[in-house]
2 protein chains.
Amino acid sequence: MPEKSQATRAGTRPGGRSARVRAAVVAATLAELAEKGYDQLTVEAICHRADVNKSTVYRRWGGVDGLIADALALSADQPWPIPDTGNVDEDIQLIAQEVYATFTDPDLRTAPTALIGAALRSDLGAAALSAFFTARHQQAAEVVTRAVEQGQLPDGIDPVELIRAATAPLYHRLFITGEPLDERAPHRAAAAALLAARAGLFNRAEAEP
Amino acid sequence: MPEKSQATRAGTRPGGRSARVRAAVVAATLAELAEKGYDQLTVEAICHRADVNKSTVYRRWGGVDGLIADALALSADQPWPIPDTGNVDEDIQLIAQEVYATFTDPDLRTAPTALIGAALRSDLGAAALSAFFTARHQQAAEVVTRAVEQGQLPDGIDPVELIRAATAPLYHRLFITGEPLDERAPHRAAAAALLAARAGLFNRAEAEP
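Predicted model, so just to flag it, every value in this text is computed and none were measured.

The rules behind the values
- Residues numbered from 1 in each chain as written.
- Chains lettered and ligands numbered in written order.
- Predicted model: local features only at pLDDT ≥ 70, side-chain atom pairs only at ≥ 80, totals over all residues.
- Heavy atoms only, no water.
- Phe/Tyr/Trp six-rings, centres within 6.5 Å; stacked < 30°, edge-to-face > 60°.
- Buried < 20%, exposed > 50% of the residue type's maximum accessible area, 1.4 Å probe, protein only.
- Helix = DSSP H or I, 4+ residues; strand = E, 2+ residues; numbered from the N terminus.
- Least-squares fit on C-alpha atoms with pLDDT ≥ 70 in both.
- Contact = heavy atoms within 4.5 Å.
- Buried area = accessible area lost by both parts, 1.4 Å probe.
- Salt bridge = Lys/Arg side-chain N within 4 Å of Asp/Glu carboxyl O.
- Nonpolar A, V, L, I, M, F, W, Y, C, P; charged D, E, K, R; others polar.
- Core = buried A, V, L, I, M, F, W, Y, C linked by side-chain atoms within 4.5 Å.
- Axes fitted to C-alpha atoms, helices over the stretch in contact; angles between N-to-C directions.
- Left-handed = near helix turned anticlockwise from the far one by under 90°.

Draft legend 1. A look at the packing of aromatic side chains. Applying the stated rule across the entire model yields eight aromatic pairs over all chains. Centre to centre, the rings of F132 of chain A and F133 of chain A are 5.4 Å apart; their planes meet at 75°, and the pair counts as edge-to-face. The class of F132 of chain A is buried, set by a relative accessible area of 9%. Seen from their ring centres, F103 of chain B and Y171 of chain B are 5.6 Å apart, and the 75° between their planes marks the pair as edge-to-face. Placement of the pair is F103 of chain B in helix α6 (residues 88–104) and Y171 of chain B in helix α9 (residues 159–177), with a sequence separation of 68 residues. There is no split in this pair, since F103 of chain B and Y171 of chain B are both buried. By way of ring pairs, the aromatic residues F103, F132, F133, Y171 and F175 of chain A are connected into one cluster.

Spelled out as structure tokens, the structure:
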């Protein structure tokens with residue numbers, strides 16, 4: 001486990017050698033994954049691309065699934081730019097639009113699509129994906145908390161539930177049903193989530209009548 | 001590919017030897033998957049359990065991912081009992097409840113959870129999963145079509161979109177975010193989907209103003 005290794009302890013100093021190695025190895029993992037896909041992903045090719053020793057990678061990450069999990073952990077730690085237009089409906093629309101753009105724009109979609117697809121291929125990856133979404137949902141929930149404080153949404157709403165509802169239909173099509181996504185999908189998902197939230201459907205249990 | 005083999009052509013006669021072999025092999029695949037998980041799944045163990053020759057299985061299904069894909073194809077072909085209570089709100093609630101029960105009831109959840117998880121582990125499985133969901137959505141959409149005819153829902157709704165919205169939040173948590181599902185989740189998903197449908201959010205493109 002990373003916590004136990006010298007390398008990772010050193011890596012907690014931002015910009016230290018270990019952090020640079022981590023960044024290079026994760027970038028190489030994403031690039032290899034995007035180019036070749038999970039089935040062709042090898043530690044050898046990642047090490048070659050990152051110019052890092054294989055023994056370092058095996059010791060610190062265990063193998064490809066550990067690398068995929070760490071790529072997600074690194075993403076989860078990065079601040080997610082959350083919209084703040086002053087209008088919660090617009091903010092929620094922008095959050096759904098950003099998910100849509102990330103996974104449909106030809107210039108953006110390859111790496112994140114490959115990363116989530118790869119995470120679903122192992123238990124280690126699935127656990128990292130779960131932690132990633134927990135972090136993202138909590139960051140984005142700020143939009144809802146702010147709107148409740150400003151009276152744009154009623155008290156009692158579970159903020160994470162609204163964020164989840166505004167994005168779930170997109171991930172569902174992309175990674176489970178494989179159904180095509182069109183540009184109306186993010187709009188529908190965001191509008192339906194806001195409607196349900198205002199109807200009290202996403203209220204926290206203790207806020208229910 | 002199955003269409004090209006003698007065995008599969010024979011299998012189109014219901015109850016024929018080939019259909020019986022298929023049923024036995026698929027049942028063994030599901031049982032092995034539920035017991036051991038995808039990572040430990042082997043053609044050998046499946047053949048042993050189904051009492052079928054390994055060469056038959058490799059010729060007809062190629063390997064474990066082909067078996068998983070065929071298990072989904074067999075499920076997709078089976079009629080799904082669709083509720084008909086006379087009240088569309090109740091019908092949609094029952095559809096969401098059935099998904100919830102299937103994947104959370106300790107006596108029911110193991111095989112379908114393992115099957116969908118396994119399908120996400122290969123391109124072949126993912127394609128079969130997509131076809132499976134397309135078939136299920138179309139079957140369930142009957143509930144919505146009927147409700148529109150009876151005036152319980154407004155004209156113009158895309159029936160599949162309502163079914164998808166009523167179930168997507170459940171699959172999203174189960175198979176993507178790994179967040180816990182509680183009994184309020186199916187109720188919320190169904191009620192939010194109905195609310196959005198009645199607000200015109202799921203209208204077909206040509207039905208939009």
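Draft legend 2. A look at the relation of the copies chain A and chain B. Of the two same-sequence chains, chain A is brought onto chain B (RMSD 0.0 Å, axial shift 0.0 Å) by a rotation of 180°. Between the two chains, the operation in question is that of a two-fold axis. Considering only C-alpha atoms, the residue of chain A closest to the rotation axis is R121 of chain A, which sits at 2.3 Å. An overlap of 97% is found between the interface residues of chain A and their copies at the interface of chain B, pointing to a shared contact surface.

Draft legend 3. Broad picture of the interface of chain A and chain B. The interface of chain A with chain B comprises 34 residues on the first partner and 33 residues on the second. Buried area between chain A and chain B, both sides added, is near 3,100 Å², and the carbon and sulfur share of it is 55%. Contact with chain B buries surface across chain A, with R121, I176 and R188 of chain A losing the most and accounting together for 22% of the total. At the boundary of chain A with chain B, the tally comes to eight salt bridges. Secondary-structure elements contributing two or more residues to the side of chain A that touches chain B are α8 (123–149), α9 (159–177) and α10 (184–198) of chain A. Here the residues of the side of chain A that touches chain B are counted per class, giving 16 nonpolar, seven polar and eleven charged.

Draft legend 4. Looking closely at the nonpolar core. Counting 134 residues, the largest nonpolar core has I92 of chain A together with I92 of chain B as the members making the most contacts within it. When residues no more than four places from it in sequence are discounted, the contact partners of I92 of chain A are V143, V144, L162, I163, A166, A190 and L194 of chain A.

Draft legend 5. Region of interest: the packing of helix α3 (residues 43–50) of chain A against helix α4 (residues 54–61) of chain A. All names here are of chain A. Where α3 meets α4, the axes come as close as 9 Å, and the angle between the chain directions of the two elements is 115°. Regarding α3 and α4, the two cross each other, and that crossing is right-handed. For the pair α3 and α4, contact is made by V43, E44 and C47 and by K54, V57 and Y58, respectively. When grouped by side-chain class, the residues that make up the contact of α3 with α4 number four nonpolar, no polar and two charged.

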